[in-house]
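The lines below spell out each chain.
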Amino acid sequence: MSGAALPVIDVNGGCADVPVLKERGQREVFCGLTGIVWLHRKMQDAFFLVVGSRTCAHLVQSAAGVMIFAEPRFATAILGERDLAGMADCNEELDRVVKELLARRPDISTLFLVGSCPSEVIKLDLHRAAQRLSRQYVGAVRILNYSGSGIETTFTQGEDACLKALVPELPAVESTTPSLMVVGTLADVVEDQFARLFAELGIPVRFFPPRRASQLPPIGPGTRVLLAQPFLGETARALIARGATLLESPYPFGVEGTTAWLRTAADAFAVDANRFASAIAAPAQRGRQALERYRARLEGKRIFFFPDSQLEIPLARFLARECGMQLVEVGTPYLDRVVMGAELPLLPRTVLSEGQDVEKQLDRCREARPDLTVCGLGLANPLEREGLRTKWSIELVFSPVHGFDQAADLAELFARPLERASLLAV
Ligand code: SF4
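Residues numbered from 1 in each chain as written. Predicted model: local features only at pLDDT ≥ 70, side-chain atom pairs only at ≥ 80, totals over all residues.

Peer 1: Just give me the short version of the overall build of the protein chain, but keep the residues and values in it.
Peer 2: A tally of helices and strands in the protein chain yields 16 helices and 14 strands. Burial analysis of the protein chain (426 residues in total) assigns 49% to the buried set. By sequence separation, contacts in the protein chain at least 24 residues apart represent 76% of the contacts at least 6 residues apart. (Helix = DSSP H or I, 4+ residues; strand = E, 2+ residues; numbered from the N terminus. Buried ≥ 20, exposed ≤ 12 C-beta atoms within 10 Å, placed from the backbone. Contact = placed C-beta atoms within 7 Å.)

Peer 1: Please set out the sheet that holds strand β2 (residues 46-52) residue by residue, giving values where relevant.
Peer 2: Spatial ordering of the open sheet is given by β3-β2-β4-β5, a layout of four strands whose pairing is parallel. Here the strands that pair on one side only, and so sit at the sheet edges, are β3 (74-78) and β5 (142-147). The mean inter-strand angle of the sheet, taken between neighbouring strand axes irrespective of direction, is 25°. Of the pairings in the sheet, the one linking β2 to strand β4 (residues 110-115) comprises five bridges and is parallel in character. The partner of Leu-49 across the bridge, within β4, is Leu-113. Running over the sheet, helix α5 (residues 126-136) touches β2, β4 and β5 and is turned about 175° from β5. Against the sheet, helix α6 (residues 157-166) contacts β4 and β5, and its axis sits at roughly 145° relative to β5. (Pairing = 2+ DSSP bridges. Axes fitted to C-alpha atoms, helices over the stretch in contact; angles between N-to-C directions.)

Peer 1: Let's hear about the site of the ligand: which residues, and what values?
Peer 2: Lining the immediate surroundings of the ligand are 13 residues, of which Cys-31, Cys-56, Ser-116, Cys-117 and Gly-150 lie closest. It is helix α2 (residues 54-64) that provides the largest number of residues to the shell around the ligand, a total of three residues. Class assignment for the residues of the shell around the ligand results in six nonpolar, seven polar and no charged. (Near = placed C-beta within 6 Å. Nonpolar A, V, L, I, M, F, W, Y, C, P; charged D, E, K, R; others polar.)

Peer 1: Can you tell me about the packing of helix α7 (residues 188-201) against helix α10 (residues 273-298), naming the residues and giving the values?
Peer 2: For the pair α7 and α10, interaxial distance at closest approach is 9 Å and the crossing angle is 150°. Taken together, the axis directions place α7 and α10 in an arrangement best described as roughly antiparallel. Where α7 crosses over α10, the two elements pack in a sense that is right-handed. Across from Leu-197, Glu-200 and Leu-201 in α7, the residues of α10 making contact are Arg-275, Phe-276 and Ala-279. Looking at the contact of α7 with α10 residue by residue, the classes come out as four nonpolar, no polar and two charged. (Parallel < 35°, antiparallel > 145°, perpendicular 65-115°, else oblique. Left-handed = near helix turned anticlockwise from the far one by under 90°.)

Peer 1: Mind laying out α5, listing which residues take part and the relevant values?
Peer 2: For an α-helix, 3.6 residues make a turn, and residues three or four places apart therefore share a direction. Turning to α5, its buried residues number three or more, namely Leu-126, Ala-129, Ala-130 and Leu-133. Along α5, the residues classed as buried sweep out an arc of 100° about the axis, all on the same side. Within α5, the exposed residues directed more than 90 degrees away from the buried face are Arg-128 and Arg-135. (Arc of directions from axis to C-beta.)

Bear in mind that shape data such as this cannot, by itself, settle questions of function.
Next comes the structure, spelled out in structure tokens:
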């Protein structure tokens, strides 16, 4: 790894072989519908039709409401509140909503029918409905389905399910000439920065999901997949099944993570070491410098992660190694070693927990009294009332935090609640 200014940290083998505390109990996490909030901003010509209840409509609207300035590109077909005579009626109702929507919005190129938990929806075969509607609107709009149900998905798994549903639609290429596919929703500003860096490295790159759902990147035996988000295991497997090769890598959080991530791509494309060093030198240096002031504020502070966004492991790695924080516990909703394999050895040894038994975990947190607790909205308020400082994990997914130029912004998200606490204490 380049970047001489990074502290050398002996992680003693990291967390690759630490025993994982597995818990299966009551969970406090958002469902996969939440992903619509960032997916609809990314794919400008896609529409997300949640087939669900008023609760689902409320969740998506309140999570996304503040960010909608144009006509929304999501809606909810509410099936759960009518006295439905049978499945035929459900399908008719869905067909009617889709027909009205497509008549009103001819700009939609891809329509996702998103499943949810109400029992009426579970009984409805959305895959068959999507196929039936696709035949009806063939050539005009692509209609796909996935589940964002809280029974099947947590918070960020919604994006994984959505992208997996798109994988069969990617055009096939036979060429074995290597090309890079960066997978995972990135803020446009971050995508532009990475596109410039890959251009400097001479690596041909496409991003998935693309900004327009109608312009899907091709896939074939030459495709090298580099995940930008650590929660896309199912998508990665679907891409591998279509002939792509997964490049295992740490994730581009912080200067170290971004350097490692770009290096993974550079190695796969045999980029000359000098070219690599000169391409990243200036932005990496900028990132390191900007990080310094946050390191001073975060160093030595103890942090506890509840499982929520699936970003916990790479973020904990960044905060421990680049900001000097001490890890009390790192919880993750599920541990997928296919996508986390390159991160675990870098994570300083700590309590690593998978899944959740929320009461037990709260007890551990209360006993440890960390300086900062990263958790979902539902846990934040009670913990704050008990005098613990918290950080909402949802913000970490909504903010542009990848890459060199965002490393300091990422650190600031953790420094801010600590600062507030010290101001209050004065
Ligand atoms: Fe809808 Fe289920 Fe999510 Fe609640 S948990 S918002 S019912 S999909």
